[in-house]
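Observations on chain architecture
Here is how the chains run, residue by residue.
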Amino acid sequence: MTFSGLDEGRSELGRSLIKRKVLTSDWIPSFAAVPRADFLPELMWPYDMGSGTTVAVDRRLEPGVWGSYANGDMPIVTQWDDRAGEELGKVPTSSVSMPSVVFRMLRDLDVQPGQRVLEIGTGTGWNAALLAHRLGPSNVVSMEIDATVAAAARDRLARRSLPLQVLSRDGVAGDEPGAPYDRIIATAGLRSVPPAWIAQVRPGGLIMAPWGTHYSNQDALVRLRGAEDGRSASGVFMGPVEFMKLRSHRLPFAGHDHYVPDGVSSADRSTTTLKEKELLGDDQFAVTSFAVGLRVRDCYRQVAAPRQGSRPVWFYGLGDRSWACVMLRDSDAEVQVWQSGPRRLWDEVSAALDWWRETGQPGYDRFGLTVTQHGQQVWLDEPMNAWDI
């Protein structure tokens with residue numbers, strides 16, 4: 001596949017996305033017509049997936065380096081700490097996703113000519129622009145909670161002659177006046193699917209969103225199909241991702257000192273033979289973490305950096321002050337566990353791991369989600385094997 005008229009960086013990216021089967025033939029014209037670089041600020045912070053570091057790159061000072069990152073397959077932070085500015089902050093709060101994730105989601109959204117799409121999380125506007133190029137600006141509505149971010153996206157979209165409607169308000173409520181929509185796509189991580197989206201998607205329509213639990217920061221893409229009666233939506237998970245979370249879905253963690261103000265000496269002690277790989281998996285997207293999060297409700301896990309051959313892993317109950325800690329050390333046959341509070345969090349985590357192994361170590365695609373106006377349930381293999389989450 002050749003990309004006539006595109007610079008080498010974008011052509012190389014396009015060929016790579018096609019080879020990986022995330023950029024499909026129906027999206028190639030939009031990829032070619034809507035450059036990601038047109039939706040990036042002069043100063044941006046690309047995230048290097050290999051090293052796990054974020055670097056500042058200013059187009060005004062390093063145009064070549066800036067361009068190589070703009071055409072690279074990596075996420076780019078565009079805002080810190082929910083505020084406008086040109087300084088590195090503590091928490092990234094707005095970004096543009098890596099192109100492979102963007103086109104993977106667009107591929108699975110399965111849009112058809114004439115359909116209407118509601119996007120939750122405008123960000124820079126690039127994803128909305130791709131949808132508008134494919135479907136026409138009148139068929140796309142995007143929502144962005146941050147007024148400054150929304151205004152910048154409107155300007156970029158207007159410069160590209162794609163004047164779609166960008167609503168500056170919380171996407172959790174959806175867009176009832178514009179409903180029903182054939183597709184709803186979220187570009188921010190969820191911890192629950194808002195009931196408003198179920199009501200606003202057309203029967204048989206699709207909701208595509210990164211969904212996860214507070215157990216870890218990771219998400220998994222879920223594609224839900226709206227029921228014919230408009231009261232529920234259900235579907236399977238499609239693989240791991242990690243997104244910045246909707247503001248109202250961010251982790252409600254009070255901090256370590258809230259749980260363990262006086263150290264571990266007063267906690268109950270036990271031991272385990274569990275090894276690090278069994279608990280944490282091979283990488284940040286290990287399905288073990290996702291599966292445990294589905295079984296151990298209202299729990300946050302924090303993995304500390306290794307020190308002197310040991311790695312402490314902490315667990316905090318989000319509904320009370322229960323906590324647990326396991327001191328992983330693969331060189332020892334048994335390692336220490338501490339637990340405190342009304343919940344035995346380590347016992348819950350250990351039981352969840354046993355359940356995952358006993359059910360055949362299911363991958364992401366064996367799990368599913370059903371959402372109604374009253375709550376949500378996850379399930380294994382089929383909806384009849386469901387539990388509340």
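Here, every reference points to the structure presented above.
Bear in mind the structure is a predicted one, so any value in this text is a computation, not a measurement.

Next up on the list: the overall build of the protein. Regarding its fold elements, the protein presents 11 helices and 20 strands. Relative to the globule expectation of 21 Å for 389 residues, the C-alpha radius of gyration of the protein, 22 Å, shows essentially globular dimensions. Considered along the principal axes of its C-alpha atoms, the protein spans approximately 65 × 55 × 40 Å. The buried share of the protein, taken over its 389 residues, is 51%. Taking the intrachain contacts of the protein between residues at least 6 apart in sequence as the baseline, contacts between residues at least 24 apart amount to 57%. For the protein, the computed accessible surface area is about 17,300 Å², with 49% contributed by carbon and sulfur atoms. Measuring between centres, the 42 positive side-chain charges of the protein sit 2 Å from its 48 negative side-chain charges.

Inspection of the secondary structure puts Arg-191 in the loop between β9 (181-186) and α7 (195-200). Residue Arg-191 is classed as buried on the basis of its relative accessible area of 11%. At a separation of 3.0 Å, a polar atom in the side chain of Arg-191 contacts the main-chain carbonyl oxygen of Thr-213. Not counting the four nearest positions on each side in its chain, Arg-191 is found in contact with Trp-211, Gly-212, Thr-213, His-214, Ser-216, Asn-217, Gln-218, Asp-219, Lys-245, His-249 and Gln-376.

The subject of this paragraph is the packing of aromatic side chains. In this description, a pair of aromatic rings is defined by centroid distance and the angle of the planes. Under the counting rule described, the total for this entry stands at 18 aromatic pairs. A centroid spacing of 5.8 Å and a plane angle of 50 degrees characterise the contact between Phe-315 and Trp-346, whose relative ring orientation is tilted. With a gap of 31 residues between them, Phe-315 in strand β15 (residues 311-317) and Trp-346 in helix α11 (residues 345-358) connect regions that are remote in the sequence. Here the two residues Phe-315 and Trp-346 agree in accessibility, since each one is buried. An aromatic cluster is present here, built from Trp-211, Phe-237, Phe-290, Trp-355, Tyr-364, Phe-367 and Trp-387 joined pairwise through their rings. Seen from the ring of Phe-31, Arg-10 lies directly overhead, with NZ or CZ sitting 5.4 Å from the centre. Its guanidinium or amino end placed over the ring of Trp-27, Arg-134 lies 4.8 Å from that ring's centre, counting from NZ or CZ.

Moving on, we come to the nonpolar core. Residues Phe-103 and Leu-131 are the most contacted members of the largest nonpolar core, which totals 46 residues. Every element with two or more residues in this core is listed here: α1 (8-19), α2 (28-33), α3 (63-70), α4 (99-109), α5 (126-135) and α6 (147-159). The greatest single-element share of this core, amounting to 7 residues, is contributed by α5. Formed by 37 residues, the second largest nonpolar core is a distinct cluster that contains Trp-355, Trp-356, Phe-367 and Leu-380.

Here the idea is simple: oppositely charged side chains can pair when their charged atoms come close. Considering all chains together, one arrives at 22 salt bridges under this definition. For Asp-146, the salt bridge is made with Arg-247, and the minimal N-O distance between the two is 2.9 Å. Taken together, the residues span a long stretch of sequence, with Asp-146 in the loop between β7 (140-143) and α6 and Arg-247 in the loop between β12 (232-241) and α8 (256-259) at a distance of 101 residues. Residue classification places Arg-247 among the partly exposed residues on the basis of a relative accessible area of 32%. For the salt bridge of Asp-268 with Arg-344, the shortest nitrogen-to-oxygen distance reads 2.6 Å. With Asp-268 in strand β13 (residues 268-272) and Arg-344 in the loop between β17 (335-340) and α11, this pair connects stretches of sequence that are 76 residues apart. A cluster of three or more residues bridged by salt bridges with shared partners is formed by Asp-82, Asp-146, Arg-247 and Arg-250.

Positionally, Val-65 belongs in helix α3. Put simply, Val-65 and Val-303 are 238 residues apart on the chain and 33 Å apart in space, counted from C-alpha to C-alpha.

Calculation criteria
Along each chain, numbering runs from 1 in the same order as the chain's sequence is written. Totals for whole chains, interfaces and linings use every residue, but because this is a predicted model, local features are given only for residues with pLDDT of at least 70 and side-chain atom pairs only at 80 or more, for both listing and counting. Excluding hydrogens and water, the side-chain figures rest on all heavy atoms present in the structure. Numbering goes from the N terminus for both helices and strands, where a helix is a DSSP run of H or I of at least four residues and a strand is a run of E of at least two. Restricting the calculation to C-alpha atoms gives the radius of gyration, and the globule rule supplies 2.2 Å times the number of residues raised to the power 0.38. Burial classes follow relative accessibility: with a 1.4 Å probe on protein chains only, a residue under 20% of its type's maximum area counts as buried, one over 50% as exposed, and anything between as partly exposed. Only heavy atoms matter for contacts: two residues are in contact if any of them lie within 4.5 Å across the pair. To be clear on the numbers: accessible area is Shrake-Rupley with a 1.4 Å probe, and residue cover counts the displayed protein chains and nothing else. In this tally, Lys and Arg are treated as positive and Asp and Glu as negative; His is ignored, and so are the chain termini. Taken as the charge location is NZ of Lys, CZ of Arg, CG of Asp or CD of Glu. Identification of polar contacts relies on pairs of N or O atoms within 3.5 Å, with a donor-acceptor requirement for protein atoms, meaning one able to donate a hydrogen and the other able to accept it, and with residues adjacent in sequence counted only if both atoms are side-chain atoms. Only centres within 6.5 Å qualify two rings of Phe, Tyr or Trp (six-membered ring in Trp) as a pair; their planes then separate them into stacked at under 30 degrees, edge-to-face at over 60, and tilted for everything else. The rule for a charge over a ring is simple: NZ of Lys or CZ of Arg within 6 Å of the ring centre, and within 35 degrees of the ring normal. Among buried residues, the Ala, Val, Leu, Ile, Met, Phe, Trp, Tyr and Cys ones that are joined through side-chain atoms within 4.5 Å form a nonpolar core. We define a salt bridge as a contact between a side-chain nitrogen of Lys or Arg and a carboxyl oxygen of Asp or Glu at a distance within 4 Å.

By themselves, these figures tell us nothing about what the structure is for.
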